[in-house]
Amino acid sequence: MRPSQTLVVGIGSSHGDDRVGWEIADAVLERVDGRAEVRRARKPADLLDWLEGIASLEVCDAVAGEIGPGCVRSWVWPAAEIAGVPFAGSHDLSLVATLALAEQLGRLPAHVRIWGVGVHRVQAWSPMSPAVAAAVDRAVEQICAALDVARAPQP
Amino acid sequence: MSETPRTIRVEALARVEGEGALNLRVRDGKIEAVELNIYEPPRLFEALLRGRALEEVPDITARICGICPVAYQMSSVHALERALGVTVSPELRQLRRLLYCGEWIESHALHVHLLHVPDFLGYDSGLAMAADFPDEVQRGLRLKKHGSQLLDVLGGRAVHPINVAVGGFYRVPRASELAALVPDFEWGLQAAINVTRWVSDFDFPTFERPYDFVALSHPDEYAMCEGNICTSDGLAIDAAQFAEHFREQQVPHSTALQAVRIETGATYLVGPLARVQLNRRQLMSEARQLADDLLERSCANPFKSIVARGIEIVHAYEEALSILRGSPACGQSRMPYDYREGDGAAATEAPRGLLYHRYRVDAEGRVAAADIVPPTSQNQGQIEDDLRHFLPAVIDASDDEIADAAERLVRSYDPCISCATHFLRVKVERQ
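Residues numbered from 1 in each chain as written. Chains lettered and ligands numbered in written order. Predicted model: local features only at pLDDT ≥ 70, side-chain atom pairs only at ≥ 80, totals over all residues. Heavy atoms only, no water.

Re the interface of chain A and chain B
Interface size is often expressed as the accessible area that is lost when the parts come together.
Part 1 of the reasoning: Taken together, the 15 residues of chain A in the interface contact 20 residues of chain B.
Part 2 of the reasoning: In total, chain A and chain B occlude about 1400 Å² of area from one another, counting both sides; carbon and sulfur atoms represent 61% of this.
Part 3 of the reasoning: Taken together, chain A and chain B are joined by 2 salt bridges.
Part 4 of the reasoning: In this structure, the salt-bridge partner of Lys145 of chain B is Asp49 of chain A, at a minimum N-O distance of 2.8 Å.
Part 5 of the reasoning: Here chain A is connected to chain B by 4 residue pairs in polar contact (both at pLDDT 80 or more).
Part 6 of the reasoning: Taken together, the residues of the side of chain A that touches chain B sort by class into 7 nonpolar, 3 polar and 5 charged. (Contact = heavy atoms within 4.5 Å. Buried area = accessible area lost by both parts, 1.4 Å probe. Salt bridge = Lys/Arg side-chain N within 4 Å of Asp/Glu carboxyl O. Polar contact = N/O pair within 3.5 Å; in protein donor to acceptor, adjacent residues only side chain to side chain. Nonpolar A, V, L, I, M, F, W, Y, C, P; charged D, E, K, R; others polar.)

Examining helix H11 (residues 285–294) of chain B
All names here are of chain B.
Part 1 of the reasoning: Restricting attention to buried positions, one finds in H11 the residues Ala287, Leu290, Ala291 and Leu294. Along the axis of H11, the buried positions cluster into a sector of 100°, meaning they face one direction only.
Part 2 of the reasoning: Buried residues in H11 make contact with helix H8 (182–200), helix H10 (272–279) and helix H12 (305–325). (Buried < 20%, exposed > 50% of the residue type's maximum accessible area, 1.4 Å probe, protein only. Helix = DSSP H or I, 4+ residues; strand = E, 2+ residues; numbered from the N terminus. Arc of directions from axis to C-beta.)

Observations concerning the sheet that holds strand E4 (residues 72–76) of chain A
Hydrogen bonding along the main chain pairs the strands of a sheet, whether they run parallel or antiparallel.
Residue and element names in this part refer to chain A.
Part 1 of the reasoning: Taken together, the 5 strands give an open sheet; going across it, the order is E2-E1-E3-E5-E4, and neighbouring strands pair in mixed fashion. Two strands bound the open sheet, and with one partner strand each, they are strand E2 (37–41) and E4. For this sheet, the mean inter-axis angle between neighbouring strands, taken without regard to orientation, is 20°.
Part 2 of the reasoning: On the sheet, helix H1 (residues 20–32) packs against strand E1 (5–11), E2, strand E3 (54–64) and strand E5 (111–119) and is oriented at approximately 165° with respect to E2. (Pairing = 2+ DSSP bridges. Axes fitted to C-alpha atoms, helices over the stretch in contact; angles between N-to-C directions.)

Some details on the pairing of strand E12 (residues 353–361) of chain B
All names here are of chain B.
Part 1 of the reasoning: Of all the 9 residues making up E12, 7 are buried; the element is thus mostly covered by neighbouring parts of the structure.
Part 2 of the reasoning: As paired strands, strand E11 (residues 342–350) and E12 are joined by 9 bridges and run antiparallel to one another. Paired with Asp343 across the two strands is Arg360, which belongs to E12.
Part 3 of the reasoning: In sequence, E11 turns back onto E12 through a hairpin of 2 residues.
Part 4 of the reasoning: Bridge count between E12 and strand E13 (residues 367–373): 6 bridges; the pairing is antiparallel. From the neighbouring strand, His357 faces E13, where its bridge partner is Ile372.

Side note on the sheet that holds strand E8 (residues 236–237) of chain B
Residues and elements named next belong to chain B.
Part 1 of the reasoning: Pairing is antiparallel in the open sheet, where 3 strands are placed in the order E6-E7-E8. The sheet is open, and its two borders are formed by strand E6 (214–217) and E8, each paired with just one other strand.
Part 2 of the reasoning: Sheet analysis places E6 next to strand E7 (residues 228–231), joined by 4 bridges and oriented antiparallel. Residue pairing across strands places Ala215 opposite Cys230, the latter belonging to E7.
Part 3 of the reasoning: Its contacts with the sheet place H10 against E6 and E7, and it is angled at close to 50° to E6.

Structural notes on the packing of helix H4 (residues 90–121) of chain B against helix H14 (residues 399–412) of chain B
Residue and element names in this part refer to chain B.
Part 1 of the reasoning: Following both chains from N to C, one finds H4 and H14 inclined at 150°, their axes separated by 10 Å at the closest point. Read as a crossing pair, H4 and H14 show a hand that is left-handed. From H4, His111, Leu115, His116, Asp119 and Phe120 reach across to H14, where they touch Arg408, Arg411 and Ser412. (Left-handed = near helix turned anticlockwise from the far one by under 90°.)

Focus on the pattern of salt bridges
Residues and elements named next belong to chain B.
Part 1 of the reasoning: With the rule as written, the count across this model stands at 38 salt bridges over all chains.
Part 2 of the reasoning: Across the pair Arg209 and Asp385 runs a salt bridge, and its minimum N-O distance is 2.6 Å. Here the residue Arg209 occupies a position in the loop between H8 and E6, and Asp385 occupies one in helix H13 (residues 375–390), the gap between them amounting to 176 residues.
Part 3 of the reasoning: The buried category is assigned to Arg209, whose relative accessible area is 10%.
Part 4 of the reasoning: The closest approach of N and O atoms between Arg352 and Asp414, which form a salt bridge, is 3.4 Å. Residue Arg352 is found in the loop between E11 and E12, and its partner Asp414 is found in the loop between H14 and helix H15 (417–420); the two are separated by 62 residues along the sequence.
Part 5 of the reasoning: Of the residues examined, Arg352 reaches a relative accessible area of 2% and is grouped as buried.
Part 6 of the reasoning: Taking the relative accessible area as the measure of exposure, Asp414 reaches 2% and is therefore buried.

Some thoughts on a negative patch on the surface
Residue and element names in this part refer to chain B.
Part 1 of the reasoning: Together, Asp124, Asp400, Glu401 and Asp404 line one region of the surface with negative charge.
Part 2 of the reasoning: Position of Asp400 among the secondary structure elements: in helix H14.
Part 3 of the reasoning: Overall, Asp400 belongs to the exposed group, its relative accessible area being 66%. (Patch = residues over 30% accessible without salt bridge, like charges linked within 9 Å, V, L, I, M, F, W, Y side chains within 5 Å. Areas by Shrake-Rupley, 256 points an atom, 1.4 Å probe, with all protein chains shown as cover. Lys, Arg positive; Asp, Glu negative; His and termini not counted. Charge placed at Lys NZ, Arg CZ, Asp CG, Glu CD.)

A closer look at the confidence of the model for chain A
Part 1 of the reasoning: Looking at chain A, the pLDDT average stands at 86 and 86% of residues meet or exceed 70.
Part 2 of the reasoning: The spread of mean pLDDT over the elements of chain A runs between helix H3 (residues 130–151) of chain A, the lowest at 88, and E1 of chain A, the highest at 95. (pLDDT = per-residue confidence, 0-100.)

Some words on the packing of aromatic side chains
The geometry of an aromatic ring pair comes down to the distance between the two centres and the angle between the two planes.
Residue and element names in this part refer to chain B.
Part 1 of the reasoning: Applying the stated criterion across every chain yields a total of 15 aromatic pairs over all chains.
Part 2 of the reasoning: Ring geometry for Phe207 versus Phe390: centroids 5.1 Å apart, planes at 65°, classification edge-to-face. In this pair, Phe207 is assigned in the loop between H8 and E6 and Phe390 in helix H13, connecting sequence segments 183 residues apart. With respect to class, Phe207 is no different from Phe390; both count as buried.
Part 3 of the reasoning: Taken together, the aromatic side chains of Phe120, Trp198, Phe202 and Phe204 make up a single cluster linked through ring pairs. (Phe/Tyr/Trp six-rings, centres within 6.5 Å; stacked < 30°, edge-to-face > 60°.)

A few points about the layout of surface pockets
All names here are of chain B.
Part 1 of the reasoning: The volume enclosed by the second largest pocket comes to roughly 290 Å³.
Part 2 of the reasoning: Looking at the second largest pocket, it is lined by 16 residues, and the ones nearest its centre are His78, Glu81, Arg82, Cys225 and Glu226.
Part 3 of the reasoning: Among the secondary structure elements, those contributing two or more residues to the lining of the second largest pocket are helix H3 (69–84), H4 and E11.
Part 4 of the reasoning: In terms of residue count, H3 provides more of the lining of the second largest pocket than any other element does, 3 residues in total.
Part 5 of the reasoning: Counted by class, the lining of the second largest pocket contains 7 nonpolar, 3 polar and 6 charged residues. (1 Å grid on protein atoms, 1.4 Å probe; cavity = no way out; pocket = protein on both sides within 12 Å on 5 of 7 lines; lining within 4 Å. Points joined across faces, edges and corners; volume = space filled by probe spheres on them.)

Listed below in structure tokens is the structure:
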């Protein structure tokens, strides 16, 4: 059976602006009305356990440094420029390494889009900065629009 | 007339934890200098701890390393508990060993499958290897995940756990949380045995060193958290005597201190090979059988550390299963204590080797002094010495081949550079 599910994953932690992936996942869950599976991840490698039966993956993570705080960008895998994007976090496999490994293992969905939100303040237990908090709704709108496009009947 | 020096530099060592370099200088076909250059900036954790409440220490020291945070937490709480005169209950001690099993499984499985095996199979990376060996890589990821699961349940989260407390834990897990892990760990034990037999069949360079192995040793168990610090030549000391027998010294080319034995002035080796060779009798049954079958009692070949690492994964699964199946009593989470002036030292076995901590605390429960000696600092001098003896065999090769051979040897020790900074690029100078 061909995979058909759509999976939306927000990667994050409890620490300041690094929450943004989780906040986006929570907000998307309220909007998708069962059209997609939505998960929170603590680290990119969590993805490797969730890809079976998934045809389309939308994954959202914080980006430190490369884009301004609160800016939302997306890349469709494989995008050459993604290799240089400093997604937040220095532990375990990076998001790009995780996706590359999933691809090598033949487990990567046919469609993968990566959403990055620029972050600024990643301190333990601190709230999100206003600029990043304000980006959540914009990112959710864009992800939901992308999901709608993906599900629209093809001519 | 001597030749122009030949310099070989590995600017950034690949597939090691953290960032460091290696500089080699060759003159007249002989190795003149080997410098393991740890250039990550000093992190000054010992100074950062001074004046802090002692309860903060396990969480702060866990930040030293994203790969072996449990080791830092365990060495710190054991040292502080000795300073305070606290003895944890047997049940809490057992849960701490279970947590440590999680870290060994996670760290060793990652190193074996994604960092070290590619050297033996001829790949540049675990990622490149994954296309041809998908089952093996996925097995490694699954084993690594089991370790993370233990850290999640016992440590509160898999990265930088937050549940280890002076006196015990902030929260002990429910028996049902632990029992739920048994099926995965039963699969993992068999998989770990297969991994160890698989890696033992690799082609290993012929290279033996007269190592002075150093590791914790305990009469009743494979030492992780407690025991005497023991050496190949028969020294057996309490951690409180560490500074009388081991000395850290600065070298100009590295931000990591290097350790030597005071008695001999010589380098020594810590880590899985040292542990298995000093403590083989204490391994659990499957691990012991594998050690006897696959690793000679006299083996001092650093490249075979991958076999020792596999044996330790098996041991960790056996011990974890033994604890998980035994329905550990999860009652009192922490032992009470009163503040008092005191001094406490402890060593525990991080995946990479012996990790020593010493603290002096004041009557208000604040840290007055701290001393931390990580395993990679202890191994750094030994790694340089081993390179001096290994590289002459490949000295006529191209610079790239020499650099590659040097990196392979360095990876055998699974150095954690970020921990050691107070550490890899390879540069070879030929003269």
